[in-house]
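# Results of the structural survey
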Amino acid sequence: MSGEVLMESGERGVAHVTLRHSGRLNAMSRGMWRQLRVVFEDIQQRSDVRCVLIAGEGDAFCAGGDISEYPGFRFDAAALRDFHENDVWGGLNAMLQCDVPIVAQIRGACMGAGVEIASCCDIRVAGSGARFGAPIAKLGFPMAPREAQLVAGAVGDVTARQMLLEAATFSAPDMLARGFLSRVVADDMVATEALGSAQRIAALAPQAARMNKQTFRALKMPLALDGKAQEAMKNIVNGAPDPYAYADSAEHREGITAFLEKRAPLF
């Protein structure tokens with residue numbers, strides 16, 4: 001298994017979660033998605049954690065998915081569905097359902113999976129040199145429905161469409177202006193500023209923080225609409241056309257093969 005998601009208890013109730021995948025800018029492997037789920041399900045049950053600080057190891061937050069794994073499962077529709085609905089969404093949903101406040105410390109690349117993980121956080125602090133996007137159109141595949149809903153809700157519809165349709169990437173000041181980031185600071189100050197935010201949160205009333213997060217979730221999905229919205233997403237994921245039917249398509253294979261062969265795709 002390549003890469004890992006680490007959790008360490010810090011001082012004053014701050015838990016440190018680190019995305020680590022050496023040599024791949026912390027790109028998320030299947031194993032890392034599964035570990036992300038376990039880590040945040042554990043945090044949800046712990047009374048000693050008052051805030052989570054999530055960061056990538058080194059000079060990148062997360063450059064996306066580990067594309068080197070993709071030929072092993074992406075070209076089969078059932079395996080592709082299992083990857084997105086269970087591995088990826090399992091990790092992201094564990095973050096979304098976690099009542100403990102989450103601060104993202106973002107340096108360098110925050111692409112694809114990185115944007116999805118950052119979208120699950122409450123406070124996002126980025127270095128001025130950070131870059132954001134989801135240029136998977138270059139790889140010949142769309143964003144999975146649940147993930148697209150998450151990202152569009154966090155970055156905004158216009159920005160999400162630019163990321164997915166134009167393969168556009170954005171600077172940290174751009175994303176601050178678009179409302180995605182909480183603060184932008186010099187790259188060498190990101191760790192200090194993000195930790196300060198986490199410590200300020202951890203010093204306040206922990207149950208009030210958890211209740212606020214529960215309220216924010218309810219406001220995004222009013223109870224009267226909750227069942228209908230969930231049913232609508234199930235219809236999108238499980239209905240016709242199958243959102244994972246593209247698995248064996250020529251452009252999907254070409255996009256991933258071209259990336260791994262370090263050449264431009266021919267769509």
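The text that follows walks through the structure, step by step, so that each part is easy to find. (Residues numbered from 1 in each chain as written. Predicted model: local features only at pLDDT ≥ 70, side-chain atom pairs only at ≥ 80, totals over all residues. Heavy atoms only, no water.)

### Concerning the overall build of the protein chain
Counting its regular elements, the protein chain contains ten helices and nine strands. A compact globule built from 267 residues should have a C-alpha radius of gyration of about 18 Å, and the protein chain, at 18 Å, falls within 12% of that. Seen along its three principal axes, the alpha-carbon backbone of the protein chain occupies a region of about 55 × 45 × 35 Å. For the protein chain, long-range pairs separated by at least 24 residues make up 74% of all intrachain contacts whose partners lie at least 6 apart in sequence. The protein chain carries 28 positive and 31 negative side-chain charges, and their two centres are separated by 3 Å. (Helix = DSSP H or I, 4+ residues; strand = E, 2+ residues; numbered from the N terminus. Rg over C-alpha atoms; globule rule 2.2 N^0.38 Å. Contact = heavy atoms within 4.5 Å. Lys, Arg positive; Asp, Glu negative; His and termini not counted. Charge placed at Lys NZ, Arg CZ, Asp CG, Glu CD.)

### Comments concerning the nonpolar core
Across soluble globular proteins, nonpolar side chains show a tendency to be buried alongside one another. Within the largest apolar cluster, 65 residues are counted, with the highest numbers of intra-cluster contacts made by Leu19, Leu36, Phe40, Ile54, Ile106, Ile117 and Phe132. A total of seven residues in this core trace back to one element, the largest contributor, which is helix α2 (residues 77–96). When sequence neighbours within four positions are dropped, the list of residues in contact with Ile106 reads Phe61, Ala118, Arg124, Val125, Ala126, Gly127, Ala130, Phe132, Leu181 and Val190. (Core = buried A, V, L, I, M, F, W, Y, C linked by side-chain atoms within 4.5 Å. Buried < 20%, exposed > 50% of the residue type's maximum accessible area, 1.4 Å probe, protein only.)

### Some thoughts on the packing of helix α1 (residues 30–45) against α2
At their nearest, the axes of α1 and α2 sit 7 Å apart, and the two run at 30° to each other. For the element pair α1 and α2, the recorded crossing hand is left-handed. Together, Arg30, Trp33, Arg34, Leu36, Arg37, Phe40 and Glu41 of α1 and Ala79, Asp82, Phe83, Asn86, Asp87, Val88, Gly90, Gly91, Leu92, Ala94 and Met95 of α2 make up the contact between the two elements. Broken down by class, the residue content of the contact of α1 with α2 amounts to nine nonpolar, three polar and six charged. (Axes fitted to C-alpha atoms, helices over the stretch in contact; angles between N-to-C directions. Left-handed = near helix turned anticlockwise from the far one by under 90°. Nonpolar A, V, L, I, M, F, W, Y, C, P; charged D, E, K, R; others polar.)

### Notes on the pattern of salt bridges
Using the criterion set out here, one finds 19 salt bridges in the structure. We note a salt bridge from Asp42 to Arg46, for which the minimum N-O separation is 3.8 Å. Close ionic contact of Asp157 with Arg161 constitutes a salt bridge, the shortest N to O distance being 2.7 Å. One end of the pair, Asp157, and the other, Arg161, are both in helix α5 (residues 157–165), four residues apart, so they sit about a helical turn from each other. Note on Asp157: relative accessible area 43%, which makes it partly exposed. (Salt bridge = Lys/Arg side-chain N within 4 Å of Asp/Glu carboxyl O.)

### A few points about α1
The first and last C-alpha atoms of α1 sit 24 Å apart over 16 residues, in line with the 22 Å expected at 1.5 Å per residue. Within the sequence span of α1, burial applies to Arg30, Gly31, Met32, Trp33, Leu36, Val39, Phe40 and Ile43. (Expected span 1.5 Å × (residues − 1).)

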